[in-house]
Every structure is written in C-alpha cells, then in structure tokens.
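So you can see what is in the structure, the chains are spelled out below.
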Amino acid sequence: MQSPGRTLEFVIDGMSCASCVGRVEKALRAVPGVTDASVNLATSRATVATAGAVRPPELVRVVEAAGYEVPAETAELAIDGMTCASCVSRVEKALEKVPGVIDAAVNLATGRATVRSAGGVDAAALVAAVSEAGYEARLSSGGADADAEQERRSLELSRLRRSLAIAALLTLPIVVLEMGSHLVGPFGHWLDATFGRQPVLYLSFVLASVVQFGPGLRFYAKGVPALLRAAPDMNSLVVLGTSAAYGYSVVATFAPDLLPEGTVNVYYEAAAVIVTLIMLGRYLEAVSKGRTSEAIRRLVGLQPKTARVRRDGIVTEVPLNDVLVGDLVVVRPGDRLPVDGMVSEGSSYVDESMISGEPVPVAKSAGAEVVGGTINKTGSFTFTATKVGSDTLLAQIIRMVEQAQGAKLPIQALVDRVTAWFVPAVIAVAVLTAGVWLAFGPEPALTFALVNAVATLIIACPCAMGLATPTSIMVGTGRAAELGILFRKGDALQTLRDTSVVALDKTGTLTAGRPELTDLLVADGLDEAEVLRLVAAAEARSEHPIAGAIVAAAERRSVGPAAVSAFEALPGLGIVATVDGRVVLVGADRLMRQSGIDCSGFGDRAAALADDAKTPLYVAIDGGIAALVAVADPIKASTPAAIAALHGLGLKVAMITGDSRRTAEAVARRLGIDEVIAEVLPDGKLQAVRNLRAGDRKVAFVGDGINDAPALAEADVGIAIGTGTDVAIETADVVLMSGDLRNVANAIGLSQATIRNIRENLFWAFAYNVSLIPVAAGALYPFYGVLLSPIVAAGAMALSSVFVLSNALRLRRFRPALDAEVSADPQLRPGLAGAA
C-alpha cells in the first residue's frame, strides 16, 4: 500500500503528442487520493503526487484504460526469516511501500518475492524495505543460484537438527522429573525423600533455561523484534506462550510468596516441551519444503558444471558460466550438452527426450541445432554455442517453472485477507481468555488463566494457512514439468481447472502437420505432369505446409523445373503466380469464385474427397479450371485417445480450421469432436475463440503456429505445443514440451488435482484454527470439564503444518490419465525416484 504523501514516478509507452499527455494527466488526476499528476512527453515519464493511500496498480490500470502502456520490470528476491502467513503479508506490504513498486507477491514455500515495478526500482531499496520489516533479503537469479540456495537450506536443516537434538535431550529429564512425580506416586515420594522438592525444582529450572534460551533463542530473535514493531508473527506467539509458562515457573520457584495461595505450580516441562515440539515441527517442515522443490533441482541438475571448449586450437575444460556465444564446444559420447548451439563438425545421435518427449535419439550433423541438457549418444561432434547462460532453452524452462511456482492464485486472496489480522487476533483472544478465567474461573483462577492463555497462544497456526496454497502449487507445477507440461503463468493452474471447452487448431495439433498429396485429377485434354510442374513451381514460393506436400510430390515424380516471374499469397484463399508466362491459381473454391472461374465440374469429386477428410484445392490456368488437387494431413496417432480423455473429463471439444466445412466435419466425425468451426481465415481464429466463450464458457485453446498467437492470448487458457513457433509459446499460458496432444488432458487433470489439494489444505488450516482455538481457550470446560494442555497444543500446532506439507507432497504421486511420451531422461522420467 502506498503511504500518504508519496510521489510515484513511472514510464508510459505509446504517447505521441500533447493530446496524449493531457489524456494521461486527466486520467491520473481522476484517481481518488492523487493531488497532482504531470507527464513529460520527451522522457515518457509520469510524476504523480498523492495525499492518500493510493495503490500503484490503480494508477497503472487507469493509464492502460486510457490506451497507453506502463512497462513493468520484474525483480526476484530471496527472503530469509519468514515462518508464517503473517510474515508473507508483512513483507508484501513493506515492498509495496517502495516508490515505483506496482505490486509484490511473496511465496512462503519458496521463500521468494516477485516484485513488479514501473520504470525500475533500485534493488537496494527493495532489500532495505525487507530489512526494515525484520527479514533478510537478497537479489535472486533463479536457477543460477540453485546450488547456493540448496547449501543454505542444508545448513539451516543441520542447525535445526542440532537444536532439536539438544532441546529433546534436555527436555526429557524435565518431563521425567515433573510428570513422573505426578503420575507415579512412589517415584515422587522417592525424589522428595532423597533430594527434596527444592533441589528438583532448581534442576528443572536450569534445564528449562538452557532449552528456553539455547535452542529456543531463535524464537526470541525473531518474535521479540516483531512484537516491538507491533507486527507480531508466529514466533511472537511462541515467545509469549513459553515465556509466560517459564516466567510463572521461575516466580513459583524463587519467590512463591508473590503468588496467591494454592497457585504455586511450576510449568517448566510445558515450556520446554513446547519449544521442543515446535522445533520438531519446524524440522519436519524444512524437510518437506526441500522435497517440494525437487523438480527444480532435477532440472538444474540437467546442466553440466563444465564444458569442453576449443579456443585457439586447444581444447580446455571451463566452467559452464565461462562459455561464450561463438565458442566451439566439443562433445564426446555420453556427454550432456552444456549449452544450445549448431553443429559445425562431426555427427552423432542425440537423446532429446527431455525436450521433445520422443525416446528415439535424433541424428545430428553439420548445420543441425542442438539443445543444452540433452545427451550425446554415440559419435563425437563440435558445435558453435549460440545461446548460453539464461538464454538457453533449459534455463528458460527452469525460469518458467520457478515463475509458476512463485505465482499467487486467485484462491489465495481469502488467506491474504485473514492472515493480515490473524496473529494480533490470537493475542487478543489469549488476553481475553486469561481475563475471563481470572474473573469467572474456579480456584486457583490464576493457574487456569495461565494454562488456557498459553494453550491459546501456542495452538494457533498461521503457518498452515501460509503454506496451504504455495506448497501445492510448487509440487503441482514441479510434477507438471516432469510430465512435460510447463505452466508459464501460475494462475493458469486454477483457470485450467474451470475449463469447459477445449478448442484445437487442426493443422499441427490434431494432425502431424506434414500434409501429403493424395489425388491429382486434371481436366480433359490437359497433361497431368505438365499441370503438376506448373503447380509445384508456383507453390515452391509458398511457406504453407500444403505447398510443401505438392512440391515434394513433384520432386518424387521428377517433373521438370519452371520459371516463376510473379507470386502472391492470398491468406485464407490460396496463391496466384505467373509460371512460364502462364497465370496459375491454386486454392479453395472461394478463390475460384472470387476470380470468376467456374469449378462446378469438379464439385462432386471435391465433395467426395472432403468426405474422406482430405483437403481439395482447385487449380486454374490462364482463367480456366485445370485440375483438382487433394491433400491429406495424417492424424497423429495420439489424437483419438486424447479426444476421448478430454470427453472423459466432461469437456466439450471444438476444432478450428481453415479447411472447408465438409473436410472439417469428416475429421470431426472420425475423432468424435463436438463442435466444428471451419473455413476460418488466419485472422479469424481470435473471433472463433470469442464465439466459443459466449455464455460464460471457459475456453482453453491449443495451437502451435504464429497465426495461433492471437487466439492463444484471447482464450481463458492458451496452450502451446512446444514443437511449435516461439511466438505461440511466448503467448501461451501453458506449454506442452512434446507435440503429444494427450498432455492436454493430463494438464487439465493435474490442474484439477492441484486445486483440489489446495482446497483440502485450506479447509484443514481454517478448520484447525477455528475449531481448536476455542477449545484451547477452555470453551468446553463449562460443559464437559475438558481443558487442553499447552503441551498437546504445541504438538497439534507442530503437526498442522506437517499435515499441509504432507498432503501437498501427495501430488508427486499424480499419475496422468494418459501416458504421453514425456521423457526417457532418468532425471525427468515420471515414476522414478523423486517423482513418485
């Protein structure tokens, strides 16, 4: 939230004149809380003065509504010291106070913050804001610092293990001394007779003090500063609860006269056990968190640490970060390729299953592209590095997974609202509990007040609420990556679950995208070879897959060459070219009608070919109909099973294609597709998706080409085939690494499983707190005489977070409805160690 009296500066794109400046200034000044706004056309910057709590996203929204853009820069921070959902809320608010920040999203499970800023914000200002809030921050470079992050996690885990062991060893004697004397009468009598009561209390005091201020010091280090800032967190609850039990016991031990008669009791065992159990919970939580991020670690593990580079004729082994674009990289049999590049010498077969999902190694020779992370099989070759560091495909995949894992879903909004006041509310309830028991409780009222107030403080668990959503997202998106499904945008994980219609582009998605010429019917009096020669020469200038099929057929039949003097592609219609001085038209019946050419003589044959799921094209030469050409694009072997799986999920399937309606309906009948949108021009796919969304239907569009990009952006969820164009992938919300359509059903199934898992976690987190906090306060005592021991409360609190994490980890065992060929790489193959 932007603080009162702040001045915000940000860049605005799209302004071209003074009218633009006036329009933007007027829009900004209309925002409540804005006192002044000035826009500089030369620098393209806006300066906004505020007198109230104005959120930067609101300013960005009004600028965009006025028709301009505010380019946003993104920075990632690694945050240390967060323990619960209240910490998340506090860090987000601190970051959003930094001038220029549009919004900040903090993920408790990953310990990362993603900050969007308008015009760029100094990283030092972000780190300082987090530091002032009581946490530690540093700039994160994603997968690049994965080793350092893993080392930090391992160090923290070893510290927790050591502290837990010390706490447990010191707590056990206290429990034996205190609880044993209560539960086993003869043992208590023996202690009193042998040592006396006071020496036993002194020993308990010493042991409890070491636990409280040794292993338990970590709670004070975070909890006390948070209390002093009036921003209490879970550590503060532990500090208040254990300090109350410990402090009361110290008074009872050394100054019993200060307490009312009948209330001189000690609770050393409660304080020590609470510290020990909560540390056990923290340890188990840290172990579970480590497991949730295994997918990223496996992806990072696909990058070799070094590369063999030839420089000045000498081959040397250098660290991966030292490889430069243009370097010659030498690869031996069995090596994992370090970076992306192009083969310059030698040949081999490379296992690219990590990328394509195809288990058969691919032949590579001079001029072929290779991808970092894939495995060289047999031969040795040298390639020129074209993409290194963060530009490699593997680095981009890692970045996509990290971004998805750090995303906040809409379902998280309720948690964010609750956690903002949860810890202060618990402290208020604990104070109220103590007051009610002191005023109305039975004697000794002070003892009852202390026990129930401590139990109330200890049992509250904001950790479970904070971990409920991000841990499920981490495990779900990590499992998706193992299946060859990349969520580029985290919220797609939730939107995909609500999809009711899956719209599929036909060419390259339902089909192989490699059409073949199946029929060539020429008009009477014309020579088939001559017609094919002219048509192939014209189509050789076209980039359409159908053109390639015709040219390939001509090459197989060894027809002679022809000179093309003019060529024009007519999108959605066909082509027109001048070949050997003759005007050749090739295209749909729409092109013939538009050109005034009668093609009715081939009408019946064209209809029959279309009914056979072939695409008929007409050929006209010098203004007269010359031939009917039929091309068929074979349906992928995986397509029928994929369509059946989508129907099994209760979804409608639509097909969008530029083919004639008759051909499209033939394909639809063969595959069982529900809706057909045919004869769509390249720029008509966007409108087709809009039509499918009518009636508030959620639409997922699956495509692979450049002309699919607008439809991918328009759909509620855009799904790109990873073997498609970069433009399609950049526009999509979800990327399928292989061309296997079965992964669409798997992605939707995983989305449903993840959201179901999140709902289970949230139900547990809220139900746990709502039901047990009143019990800890003593709500059942008037009816059943039941009170909750602080020790039991500590155990319940520790286990609640572990339950949430364990439930999220169940997603690692997600089994796809259809086994798409995802990966033969042992580090990514589903079902192997670490993936199940």
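No experiment lies behind these values; they were computed from the predicted model shown. (Residues numbered from 1 in each chain as written. Predicted model: local features only at pLDDT ≥ 70, side-chain atom pairs only at ≥ 80, totals over all residues. Heavy atoms only, no water.)

Caption draft 1: The arrangement of the environment of Ser 158 in detail. Its place among the elements puts Ser 158 in helix H5 (residues 146–183). On the accessibility criterion, Ser 158 (23% relative accessible area) is partly exposed. Within the local environment of Ser 158, its side chain forms a polar contact with the backbone oxygen of Leu 155, the two atoms lying 2.7 Å apart. (Helix = DSSP H or I, 4+ residues; strand = E, 2+ residues; numbered from the N terminus. Buried < 20%, exposed > 50% of the residue type's maximum accessible area, 1.4 Å probe, protein only. Polar contact = N/O pair within 3.5 Å; in protein donor to acceptor, adjacent residues only side chain to side chain.)

Caption draft 2: Representation of helix H22 (residues 603–611) within the structure. Three or more residues of H22 are buried, namely Ala 606, Ala 607, Leu 609 and Ala 610. All buried residues of H22 lie within an arc of 165° about the axis, which places them on one face of the element. Along its buried surface, H22 packs onto strand S19 (516–522), strand S23 (615–621), strand S24 (624–632) and helix H24 (661–671). Positive backbone phi, approximately 65°, marks Ala 613, located one or two places after H22. (Arc of directions from axis to C-beta. Contact = heavy atoms within 4.5 Å.)

Caption draft 3: Molecular detail of the sheet that holds strand S1 (residues 7–11). Read from one edge of the open sheet, three strands run S1-S3-S2, paired in antiparallel fashion. Where the open sheet ends on each side, the last strands, each with one partner, are S1 and strand S2 (34–40). Direction aside, neighbouring strands of the sheet carry axes that sit 15° apart on average. Pairing of S1 with strand S3 (residues 45–50) involves five bridges; the strand directions are antiparallel. Across the sheet, Glu 9 pairs through a bridge with Thr 47, a residue of S3. (Pairing = 2+ DSSP bridges. Axes fitted to C-alpha atoms, helices over the stretch in contact; angles between N-to-C directions.)

Caption draft 4: The arrangement of the nonpolar core in detail. Residues Ile 79, Met 82, Leu 95, Phe 487, Ile 719 and Val 744 are the most contacted members of the largest nonpolar core, which totals 140 residues. No other element matches the 15 residues that helix H28 (residues 742–777) contributes to this core. Beyond its immediate sequence surroundings of up to four residues, Met 82 is in contact with Cys 87, Val 88, Val 91, Val 106, Asn 107, Leu 108, Gly 111 and Tyr 135. Counting 27 residues, the second largest nonpolar core, distinct from the first, contains Leu 534, Ile 546, Leu 617 and Val 619. (Core = buried A, V, L, I, M, F, W, Y, C linked by side-chain atoms within 4.5 Å.)

Caption draft 5: Spatial organisation of the sheet that holds S23. Read across the open sheet, the six strands follow the order S19-S24-S23-S22-S21-S20; overall the sheet is antiparallel. The two strands at the open ends of the sheet, each matched to only one other strand, are S19 and strand S20 (564–570). The mean inter-strand angle of the sheet, taken between neighbouring strand axes irrespective of direction, is 20°. Two strands pair when backbone bridges link them, and S23 and S24 are joined in this way by seven bridges, in the antiparallel orientation. Bridged to Val 619 within S24 is Ala 627.

Caption draft 6: Focus on the side chain of Thr 276. Relative to the helices and strands, Thr 276 is located in helix H10 (residues 268–292). A distance of 2.8 Å separates the side chain of Thr 276 from the side chain of Thr 171, its partner in a polar contact. Beyond its immediate chain neighbours, meaning those up to four positions away, Thr 276 contacts Leu 164, Ala 167, Ala 168 and Thr 171.

Caption draft 7: Just helix H2 (residues 56–65), in detail. Residues Pro 56, Leu 59, Val 60, Val 62 and Val 63 constitute the buried set of H2. Buried residues of H2, seen end-on, are gathered within an arc of 165° and therefore sit on one face of the element. One or two positions beyond H2, positive phi appears at Gly 67, with a value near 100°.

Caption draft 8: A look at unusual backbone geometry. At the junction of Glu 443 and Pro 444, the peptide bond is cis and its omega measures out at -5° in the coordinates. By the secondary structure assignment, Pro 444 is in the loop between helix H14 (413–440) and helix H15 (445–459). Backbone geometry at Asp 580 places phi at a positive 50°, although glycine is not the residue there. Counting through the fold element by element, Asp 580 comes out in the loop between strand S21 (574–579) and strand S22 (582–587). Phi is positive for Glu 679, which is not a glycine, with a value near 55°. Assignment of secondary structure puts Glu 679 in the loop between strand S26 (675–677) and helix H25 (685–692). Overall, Glu 679 belongs to the partly exposed group, its relative accessible area being 40%.

Caption draft 9: Here's a closer look at the packing of aromatic side chains. A complete count under the given rule lists 14 aromatic pairs for this structure. Judged by centre distance (6.4 Å) and plane angle (20°), the rings of Phe 205 and Tyr 246 are stacked. With a gap of 41 residues between them, Phe 205 in helix H7 (residues 197–213) and Tyr 246 in helix H9 (residues 234–254) connect regions that are remote in the sequence. Here Phe 205 falls in the partly exposed class, since its relative accessible area comes to 23%. When its relative accessible area of 11% is taken as the criterion, Tyr 246 is described as buried. Geometrically, the ring pair formed by Trp 437 and Phe 448 is stacked, given 5.4 Å between the ring centres and 15° between the ring planes. Of this pair, Trp 437 sits in helix H14 while Phe 448 sits in helix H15; the two residues are eleven residues apart in sequence, bridging distant segments of the chain. Neither residue differs from the other here; Trp 437 and Phe 448 are each classed as buried. (Phe/Tyr/Trp six-rings, centres within 6.5 Å; stacked < 30°, edge-to-face > 60°.)

Caption draft 10: Layout of the packing of helix H23 (residues 639–648) against H28. At a minimum axis distance of 7 Å, the contact between H23 and H28 shows a crossing angle of 25°. Our classification of the angle between H23 and H28 gives roughly parallel. Between H23 and H28 the crossing geometry is left-handed. Of the residues in H28, those touching H23 at Ala 641, Ala 642, Ala 645 and Leu 646 are Arg 742, Val 744, Ala 745 and Ile 748. Looking at the contact of H23 with H28, its residues break down into seven nonpolar, no polar and one charged. (Parallel < 35°, antiparallel > 145°, perpendicular 65-115°, else oblique. Left-handed = near helix turned anticlockwise from the far one by under 90°. Nonpolar A, V, L, I, M, F, W, Y, C, P; charged D, E, K, R; others polar.)

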